[in-house]
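# Survey of secondary and tertiary structure
As a plain string of letters, each chain reads:
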Amino acid sequence: MKAWLIPLLLFALAGCSNEPQTGPVDVTWDRDNCERCMMALSDRHHAAQIRGGKRHKVHHFDDIGCALLWLEVQPWKSNPATEIWVNSYQDGDWLNARQSHYIRITHTPMNYGFSAQPEQTEGAVDFESMKQAVFKQEATYHASVEARLKHRAQEAKRVTEP
């Protein structure tokens, strides 16, 4: 086979994909899993998607908090072509996460506690404020877990010492 034919065939096959090259994709609810915590996506009002990386692939998340924490460790996190989509808590439509406004609620799939909406309302925060709150909540949680583990290790050591 001629060497020029292989790239041509790969290009043609890539064009056959049903997935759009931008924007969110359909979710297979209760089947697709969160990229970060592996929980099944079942809440149609709090899921998120990130499209980015080398092949601009879509990654699914059960909560905007999982999406942001996962993105933070990706080498392409600051690439302006990276897209973040989130479900509106009002009707489940996909919204551009960076342009959305977020309200605090008591329960989301991973308890980060933010619901997206398209319009600014009293008490709603912008994307960056929500993102910083998620990072702070995660840091506080990890500090708490580390403190409890340290305490338990000290207690176990005290009990086993003569």
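Residues numbered from 1 in each chain as written. Predicted model: local features only at pLDDT ≥ 70, side-chain atom pairs only at ≥ 80, totals over all residues. Heavy atoms only, no water.

What follows deals with helix α2 (residues 64-72). Most of α2 is tucked away: 8 of the 9 residues are buried. Within α2, the full set of buried residues consists of I64, G65, C66, A67, L68, L69, W70 and L71. Summarising the contacts, the buried residues of α2 are in contact with β1 (48-52), β2 (57-61), β3 (83-87), β6 (114-117) and α3 (127-160). Taking the backbone nitrogen of G65 as reference, a side-chain oxygen 2.8 Å away marks D63 as the first, capping residue of α2. (Buried < 20%, exposed > 50% of the residue type's maximum accessible area, 1.4 Å probe, protein only. Helix = DSSP H or I, 4+ residues; strand = E, 2+ residues; numbered from the N terminus. Contact = heavy atoms within 4.5 Å. Polar contact = N/O pair within 3.5 Å; in protein donor to acceptor, adjacent residues only side chain to side chain.)

Turning next to the sheet that holds β1. Read from one edge to the other, the open sheet built from 4 strands follows the order β2-β1-β3-β4, with strand pairing classed as antiparallel. One side of each edge strand has no neighbouring strand; the edge strands of this open sheet are β2 and β4 (94-96). Each neighbouring strand pair of the sheet contributes to a mean axis angle of 25°, computed without reference to strand direction. In this structure, β1 lies alongside β3, joined through 4 bridges in antiparallel fashion. Along β3, the bridge assignment pairs A48 with V86. Docked against the sheet, α2 engages β1, β2 and β3, running at close to 25° with respect to β1. (Pairing = 2+ DSSP bridges. Axes fitted to C-alpha atoms, helices over the stretch in contact; angles between N-to-C directions.)

Applying the stated rule across the entire model yields 2 aromatic pairs. Between F61 and W70, the ring centres sit 5.2 Å apart and the planes meet at 55°, which makes this aromatic pair tilted. Grouping residues by exposure puts F61 and W70 together as buried. Taken together, a centroid distance of 5.8 Å and an interplanar angle of 65° make the contact between W70 and W76 edge-to-face. Here the two residues W70 and W76 agree in accessibility, since each one is buried. Among the aromatic residues, ring-to-ring pairing joins F61, W70 and W76 into one connected group. (Phe/Tyr/Trp six-rings, centres within 6.5 Å; stacked < 30°, edge-to-face > 60°.)

Glancing now at the nonpolar core. Of all hydrophobic cores here, the largest spans 27 residues; its most connected members are I50, F61, I64, I84, Y102 and M130. At the level of secondary structure, the elements contributing two or more residues to this core comprise β1, α2, β3, β6 and α3. If you tally residues by element for this core, the top one is α2, at 7 residues. (Core = buried A, V, L, I, M, F, W, Y, C linked by side-chain atoms within 4.5 Å.)

Oppositely charged side chains can form a pair if their charged atoms are brought close together. Enumeration over the complete set of coordinates arrives at 2 salt bridges. Where E138 meets R36, a salt bridge forms, and the shortest distance between an N and an O atom there is 3.0 Å. Note that E138 is positioned in helix α3 and R36 in the loop between α1 (5-14) and β1, a separation of 102 residues in sequence. Among the residues examined, E138 registers a relative accessible area of 12% and is labelled buried. On the basis of relative accessible area, R36 is assigned to the partly exposed category, the value being 34%. (Salt bridge = Lys/Arg side-chain N within 4 Å of Asp/Glu carboxyl O.)

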